[in-house]
Amino acid sequence: MDTIVLKFGGSSVADNEKLKIVADKIIQMKEKNNNVVVVVSAQGKTTDKLIAEANELSDTIEDREMDVLLSSGEQISSAKLSILLNKLGYKAISLTGWQAGIYTNNTNQNAIIEKINLTRINKELQDGKIVIIAGFQGINENMDITTLGRGGSDTTAVAIAAALHAKHCYIYSDVDGVYTADPNKFDHSKKLSALTYEEMHTISSEGAKVLHNRSIEIGEKFNIPIITKSTFNDKPGTVISDTIEENTIKSIVKKETSRISIIGNGIIRNFDNIYKVLNIIEQEKLEILEFLVEEAKIIITFKNVVSDEIVSKIQKIILN
Ligand code: ADP
Ligand code: ASP
Ligand code: MG
């Protein structure tokens, strides 16, 4: 039987109605006879709210206490989802990070997973249960709760997938894949059907917070295909794996610093497009600070703030 790991982010588990949609997705996977392990984030903006409330109490919060507080958000969603699945007739169990055997180093607030003891997870899977793990948390050598840094539930999911030798790790969120730029900010961004781990890493480092950086590193190290999909539609998502798509062009824009990065195999062969981009830069009287061309990456940094319109024009040229 294949094992798959599904991760649902904060917007996917924000309220009871959304939890029902998530439960349906999980049931569909379970019906295909898979061993299903689910990782969840805290509901909606819970983590932000907890941080704000703690800051109202003190401006010298101990990292250890902050981790105890923040880890509670993921516990709430895991328990609610398990309650719902059991009610729907599917055996499920929620586990905190430590119950799931996730051991980290001692760096509170930004801990790194060091090992995973699968005893409990395997036992529950053998009992036919859907295992629901609170993301973003583990335990250190002092048995203190640690958290993995903002967005860290992605890392929990991929690390669990690696430990279980899972076939796939699905990351469900409010967007149906990885785009050339944040689809909530840029109308002309396009969905990418496939990316290598390295390409995804570059996109993340350029500012797209769609996946936690360490999750991509773990995916690459253990060769776990990561599939990002939407919780709210069935469109095909983006597959991040070690498979290279020839001649595809991928770009990502970081508007704040007026920096445009274009990455992807094959882009360097498209010099025509680069000349067209240079023409636009000249026409618009933009000043270039840096024009860096590497093997599969072009980075243009501007002295000026580049408008969305120009960014879209450049994107269109590169992606055509
Ligand atoms: P979750 O809460 O499910 O973990 P995140 O908020 O961490 O989801 O990540 C999804 C968000 O990432 C999207 O709502 C989108 O606005 C943003 N995002 C930024 N850059 C990109 C990109 N290149 N492709 C897709 N989404 C992106
Ligand atoms: N709840 C945590 C955060 O908001 C972790 C996560 O969502 O992955 O950062
Ligand atoms: Mg996230």
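Look up a bit, the structure's there.
Overview of the structure. (Residues numbered from 1 in each chain as written. Chains lettered and ligands numbered in written order. Predicted model: local features only at pLDDT ≥ 70, side-chain atom pairs only at ≥ 80, totals over all residues. Heavy atoms only, no water.)

What follows deals with the environment of Ser41. Turning to its location among the elements, Ser41 is positioned in the loop between β2 (35-40) and α2 (46-57). Note: C-alpha distance between Ser41 and Thr146 (105 residues apart in sequence) is 15 Å. The residues contacting Ser41, other than those within four sequence positions of it, are Lys7, Phe8, Gly9, Gly10, Val13, Glu74, Ser77 and Ser153. Within the structure, the side chain of Ser41 is placed 3.3 Å from the side chain of Ser153, a separation counted as a polar contact. (Helix = DSSP H or I, 4+ residues; strand = E, 2+ residues; numbered from the N terminus. Contact = heavy atoms within 4.5 Å. Polar contact = N/O pair within 3.5 Å; in protein donor to acceptor, adjacent residues only side chain to side chain.)

Further remarks concern the site of ligand 1. Around ligand 1 sit 18 residues in total, of which Lys7, Asp174, Tyr179, Asp182 and Asn184 are the nearest. At 2.9 Å, a backbone N or O of Tyr179 approaches a nitrogen atom of ligand 1. Isolated, ligand 1 exposes 570 Å² of accessible area, and the fraction of that covered by the protein chains is 87%. The class makeup of the residues in the shell around ligand 1 is nine nonpolar, five polar and four charged. (Near = heavy atom within 4 Å. Areas by Shrake-Rupley, 256 points an atom, 1.4 Å probe, with all protein chains shown as cover. Nonpolar A, V, L, I, M, F, W, Y, C, P; charged D, E, K, R; others polar.)

What follows covers the pattern of salt bridges. This structure, assessed with the given rule, holds 15 salt bridges. The shortest N-O distance in the salt bridge between Glu17 and Lys20 comes to 3.4 Å. Placement of both Glu17 and Lys20 in helix α1 (residues 16-31) is noted, with a separation of three residues, approximately one turn of the helix. By relative accessible area, which is 43% here, Lys20 ends up partly exposed. Shared partners join several salt bridges into a network, and the residues in it are Arg120, Lys123, Glu124, Asp127 and Lys129. (Salt bridge = Lys/Arg side-chain N within 4 Å of Asp/Glu carboxyl O. Buried < 20%, exposed > 50% of the residue type's maximum accessible area, 1.4 Å probe, protein only.)

Our focus in this paragraph is the pairing of strand β1 (residues 3-8). Of all six residues making up β1, six are buried, and the element is well covered by its neighbours. Side chains Thr3, Val5 and Lys7 project from β1 onto one buried face, and the interleaved Ile4, Leu6 and Phe8 project onto a second face that is buried too. Pairing of β1 with β2, which is carried by six bridges, proceeds in the parallel orientation. Along β2, the bridge assignment pairs Leu6 with Val38. This β-α-β element, β1 to α1 to β2, shows right-handed connectivity. Of the pairings in the sheet, the one linking β1 to strand β9 (residues 168-173) comprises five bridges and is parallel in character. (Pairing = 2+ DSSP bridges. Right-handed = clockwise from strand over helix to strand, strands pointing away.)

It is worth spelling out the packing of aromatic side chains at this point. All chains considered together, the criterion is met by two aromatic pairs. Ring geometry for Phe8 versus Tyr172: centroids 4.7 Å apart, planes at 10°, classification stacked. Residue Phe8 is located in strand β1, and its partner Tyr172 is located in strand β9; the two are separated by 164 residues in the primary sequence. Neither residue differs from the other here; Phe8 and Tyr172 are each classed as buried. A centroid spacing of 6.2 Å and a plane angle of 20° characterise the contact between Tyr170 and Tyr172, whose relative ring orientation is stacked. Given a relative accessible area of 3%, Tyr172 falls into the buried group. (Phe/Tyr/Trp six-rings, centres within 6.5 Å; stacked < 30°, edge-to-face > 60°.)

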